[in-house]
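Each chain, written out:
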2 protein chains.
Amino acid sequence: MSRPRALSGFPEWLPADRAVEHLITVALSQTFELHGFASLRTRSVEPVGVLLGNGETDKEIYGLNRLREDPDVDGGDSGDRAEPGLGLHFDLTVPLARFVTENAGHLHFPYRRYQIQQVWRGERPQEGRFREFVQADIDVIGDGSLAFHHEVEVAVVAAQALASLPIPPIRMRVNNRKLAEGFYLGVGLVDVSSVLRAVDKLAKIGPDRVAAELTARAGATSEQAEMCLAFADVRSDPGADPARLLAEIESLGVRHERLDEGLTELAAVLTGLEKAVPGVAIADMSVARGLGYYTGTVYETEVAGLERFRSVCSGGRYDSLATIGGRRFPGVGISIGVTRLVSLLLSGRLVQASREVPTCVLVAVPDETDRGRCDAVAGALRARGIPTEVAPSAAKFGKQIRHADRRGIPYVWFLDPAGGHEVKDIRSGEQISANPDTWNPPPQDRHPTVGAAKPTSSQATEETL
Amino acid sequence: MSRPRALSGFPEWLPADRAVEHLITVALSQTFELHGFASLRTRSVEPVGVLLGNGETDKEIYGLNRLREDPDVDGGDSGDRAEPGLGLHFDLTVPLARFVTENAGHLHFPYRRYQIQQVWRGERPQEGRFREFVQADIDVIGDGSLAFHHEVEVAVVAAQALASLPIPPIRMRVNNRKLAEGFYLGVGLVDVSSVLRAVDKLAKIGPDRVAAELTARAGATSEQAEMCLAFADVRSDPGADPARLLAEIESLGVRHERLDEGLTELAAVLTGLEKAVPGVAIADMSVARGLGYYTGTVYETEVAGLERFRSVCSGGRYDSLATIGGRRFPGVGISIGVTRLVSLLLSGRLVQASREVPTCVLVAVPDETDRGRCDAVAGALRARGIPTEVAPSAAKFGKQIRHADRRGIPYVWFLDPAGGHEVKDIRSGEQISANPDTWNPPPQDRHPTVGAAKPTSSQATEETL
């Protein structure tokens, strides 16, 4: 086999970094389950027709083909030849919609699920953007109707999930399709989609070119374009009274029924978020991405210091996730880009794992004839939930301690010939007598944790210089 | 969108069944971590050349193609055009070997990893056999050498992982390549691969046809064929003294150095397994599958009552998982077929989850104006790790209790207008006063669990009749 090399866009982490991804994924699951979301795993493939939907997708889909077409496999009762072409899913929403329509008769609505899986997009890789990546989604799906309060709930769960991680502060930016649509209609612009597409480019091309596009594409007068820009410029401060936001938007002098409805909803989302996760949420009328398909609240989330990479957690309300005949399934959901988030945190050296292995204790082996006794010690520790491994060889103790040190294992256990036991914290050097049936590590040492990265010695040197 | 339908070979579980798969997967991870195995996630794709290896694979590989070849994506610095074709991995061993050689300079050996991921094979689907399925693998990889005791360890970890699940008893069948090879060489048969291929068919085609194949393909005399069949017939009873096994094989009168080495190793694996997980392991000389590529211990594992589906957990020792130039990475690993195991348990109605959602408590909503108070109760319960959801609407209490009952949520929480709190166990009907800051469910109710399936009422009726 020739020497393999990394594939651009298909990230893999070395153990220390994978520990970060794994612990973050586990923490997200725990928050989702604490809020009663049930795990779902869908298949990775869908018929291409399902992925293409109504043909509007701009996603680069990976199709599948079998390298060796075996008539023995294709023939017979599997009906494989008649099967449509298959592709890998590019998000977790399309499979959810298909799963819900396929199994509507067996699900209890509102159906609350979380799903943490890979998705694939054949796009050009760049920092924070991959061809294979993991998303963590939560959605609440109703049958026929879905109460507005779930729009608050989903935002709260996502904000709590992210805020509980040992990462820099997050900023959740909230907007509302009804509000935006009501405003633009109130201004007199009926081609709301074109307005939204133009406003979405604000950060990228600036207000002058957005105004030009509003005139050229959405039929806006220069006064109307100015109103749109003034509206897109509205954002609230964290923790601000939603009444101030309402006043600011009202001061623009536009009136429309949908605008009022949207304002009421936006205020409720901000109030709910502020109560549950203070200081995280703001209203931001420049958030336009997604307003084309979302029908109510829209969320985007940035991490402090990583704003230039834009949102790591987005979603919103959609009135029809799926339909069967006349039966409609509205939903609200949000998706955390796990790979994107973790890769940005790691490349920014913002987080690190306390160790690269789950092991809390390494049992040192004095001599290969003692391995049975060492296994017994390890078994006693594991029986009480302490992750333990036995040293791979009866090397000199210095080498066995190095084995632990290299992996970040905090404790080394020693047996002496007389049957005594001692455990050493190799960070402090403290060594004490211990009983494998009763000794416990401090709670923070039992399992690896993720925390803010400490500067490496070379970084420290650079900073000192 | 036309009504979607299930794709043969791409299983998906409804919430109650997914809960079983999820809880089993989490339990496996916990056992692996308790033994110091670190999580690894590899990309799902490999260059086709890596998957095909030395051309010996008989796996049906899914290749990838991008549905819309976009020159803007392909061109430029991504170098995509020059990239080899990609395929989905068909197991977790090939990616591990590639990962180890690619990152050998950054890994600490022996490298202990577990990996729970989907794999894909374009084979004909049948019961317990899928096109997309999850495997849970553990491996220990050495650099240059790897001590034999890891062959005991890996078997023990897998047996403990399976034995700790609420499933019927398992039977781990162990053999050893050195033992088998030594025996067949000692008999005078040098084409060991052909002997192994013939013996592997024993259960399928019976001893007479195996003898015929040994004569035709492996150049055996009828006496030699008879010796091979006598050897393949040797198996130990659970818990039997390995000395009896040794005596039985010695009584066949064949002598070879490798045979002795293999017997010593096999006895050590059996002794280690018996000590750690009593009654699970037996020696079985008819286990021949995998002996073609494994170089030491070989494992297969069946579940009581599901023997006809053969092994759900297999593996062994390989002297060269991978090589870089003259550097060799020996390993020992074992793979649990999670989807296979779960699907067989579910279709045999052998297991079920205590509930289909993580939720332990549903907070009933007396009136929509009380939702804020209900959210506060839920927050207090969640702060102490109790999975809680708030009822989706202020329906009649009977309907809210049915909401909990349908999902298996055991507790419903009631607020009264005076500010009092009560919690009802909807299984027993018992209702007590409770404080959201101090009340705890019994430990077994806090999270869903998997247990032996209770007969459904229709099954119970059948049994009674």
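The numbers attached to residues start from 1 for each chain and follow its sequence in the written order. For this description, chains carry letters from A and ligands carry numbers from 1, given in the order in which they are written. Per-residue local features of the predicted model are confined to residues with pLDDT of at least 70, and side-chain atom pairs are confined, for both listing and counting, to 80 or more; whole-chain, interface and lining totals are unaffected and use all residues. Note that water and hydrogens are dropped before the side-chain values are worked out from all heavy atoms of the structure.

Engineer: Help me understand the relation of the copies chain B and chain A in this model?
Structural biologist: The relation between the two chain copies is a rotation about an axis coupled with a shift along that axis. We superpose the copies by least squares over the C-alpha atoms of residues that have a pLDDT of at least 70 in both of them. Mapping chain B onto chain A calls for a rotation angle of 180° and an axial translation of 0.0 Å; the resulting RMSD is 0.1 Å. On the angle and the small slide along the axis, the relation comes out as a two-fold axis. Proximity to the rotation axis, assessed at the C-alpha, singles out leucine 64 of chain B in chain B; its C-alpha lies 2.4 Å from the axis. We call two residues in contact whenever any of their non-hydrogen atoms come within 4.5 Å of each other. When you check the interface residues of chain B against chain A, 98% turn up at the interface there too, and the contact is symmetric in its surfaces.

Engineer: Is there a simple way to explain the packing of helix H6 (residues 177-187) of chain A against helix H7 (residues 192-199) of chain A in this structure?
Structural biologist: Pairs of packed helices are described in terms of their axes, by the angle between the two and the distance that separates them. Residue and element names in this part refer to chain A. Two elements in contact, H6 and H7, have axes separated by 10 Å at closest approach and are oriented at 110°. One finds that H6 runs roughly perpendicular with respect to H7. Note on element contacts: H7 touches H6 through Val192, Val195, Leu196 and Val199, opposite Arg177, Ala180, Glu181, Tyr184 and Leu185. Basically, the charged four are Asp, Glu, Lys and Arg, the nonpolar ten are Ala, Val, Leu, Ile, Met, Phe, Trp, Tyr, Cys and Pro, and anything else, Gly included, counts as polar. Of the residues belonging to the contact of H6 with H7, the class tally is 7 nonpolar, no polar and 2 charged. With axes taken as lines fitted to C-alpha atoms, and helix axes fitted only over the stretch in contact, angles between N-to-C directions fall between 0 and 180 degrees. Counting from the N terminus, the helices are the DSSP runs of H or I reaching at least four residues and the strands are the DSSP runs of E reaching at least two. By definition in this entry, angles of less than 35 degrees are roughly parallel, angles greater than 145 are roughly antiparallel, angles of 65 to 115 are roughly perpendicular, and the rest are oblique.

Engineer: Would you mind showing me how to read the pattern of salt bridges here?
Structural biologist: Any two side chains of opposite charge can pair if their charged atoms end up close together. Any carboxyl oxygen of Asp or Glu within 4 Å of a side-chain nitrogen of Lys or Arg constitutes a salt bridge here. A full pass over the atoms with the stated rule returns 50 salt bridges over all chains. Among the ionic pairs, glutamate 60 of chain A bridges to arginine 66 of chain B, the shortest N-O distance being 3.5 Å. Of this pair, glutamate 60 of chain A sits in the loop between helix H2 (48-52) and strand S3 (62-66) while arginine 66 of chain B sits in strand S3 (residues 62-66), each in a different chain. Residues joined in a network through salt bridges with shared partners are Glu12 of chain A together with Arg43, Glu46, Arg98 and Glu102 of chain B.

Engineer: Hey, could you run me through the sheet that holds strand S15 (residues 411-415) of chain B in this one?
Structural biologist: Within a beta sheet, neighbouring strands are joined by backbone hydrogen bonds and run either parallel or antiparallel to one another. Residue and element names in this part refer to chain B. An order of S14-S13-S15-S16-S17 is seen for the 5 strands of this open sheet, with the pairing classed as mixed. Both outer strands of the open sheet, strand S14 (388-390) and strand S17 (431-433), are each paired with one neighbouring strand and no more. On average, adjacent strands in this sheet sit at an angle of 25° to one another, irrespective of strand direction. Of the strands in this sheet, strand S13 (361-363), S14, S15 and strand S16 (421-425) are in contact with helix H13 (residues 371-383), which crosses S14 at around 175°. Should DSSP find at least two bridges between two strands, the strands are regarded as paired.

Engineer: Which parts of the structure should I look at to understand the sheet that holds strand S6 (residues 132-141) of chain B?
Structural biologist: Residues and elements named next belong to chain B. Spatial strand order, S1-S5-S6-S11-S10-S9-S7-S8: 8 strands in an open sheet with mixed pairing. Lying at the two open borders of the sheet, with one neighbouring strand each, are strand S1 (38-39) and strand S8 (281-283). In this structure, strand S9 (residues 297-303) lies alongside strand S10 (residues 313-324), joined through 2 bridges in antiparallel fashion. Note that in S10 the partner of valine 298 across the bridge is glycine 316.

Engineer: What exactly am I supposed to notice about the nonpolar core here?
Structural biologist: Side chains of a nonpolar character, in soluble globular proteins, are inclined to be buried together. By nonpolar core we mean a set of buried residues, namely Ala, Val, Leu, Ile, Met, Phe, Trp, Tyr and Cys, connected to one another through side-chain atoms within 4.5 Å. We call a residue buried when its accessible area falls under 20% of the maximum for its residue type, exposed when it is over 50%, and partly exposed in between, using a 1.4 Å probe and counting protein chains only. Core analysis: the biggest nonpolar cluster contains 103 residues, and Phe32 and Met172 of chain B have the highest contact counts within it. Looking at which element gives the most residues to this core, the answer is helix H5 (residues 149-163) of chain B, with 9 residues. Those residues within four positions of methionine 172 of chain B in sequence are excluded, and the remaining contacts are Ala155, Ala158, Ala159, Leu273, Val280, Ala281, Ile282, Tyr299, Glu300, Thr301 and Ile334 of chain B. One finds Leu107, Val154, Leu266 and Ile334 of chain A within the second-largest nonpolar core, a separate group that totals 102 residues.

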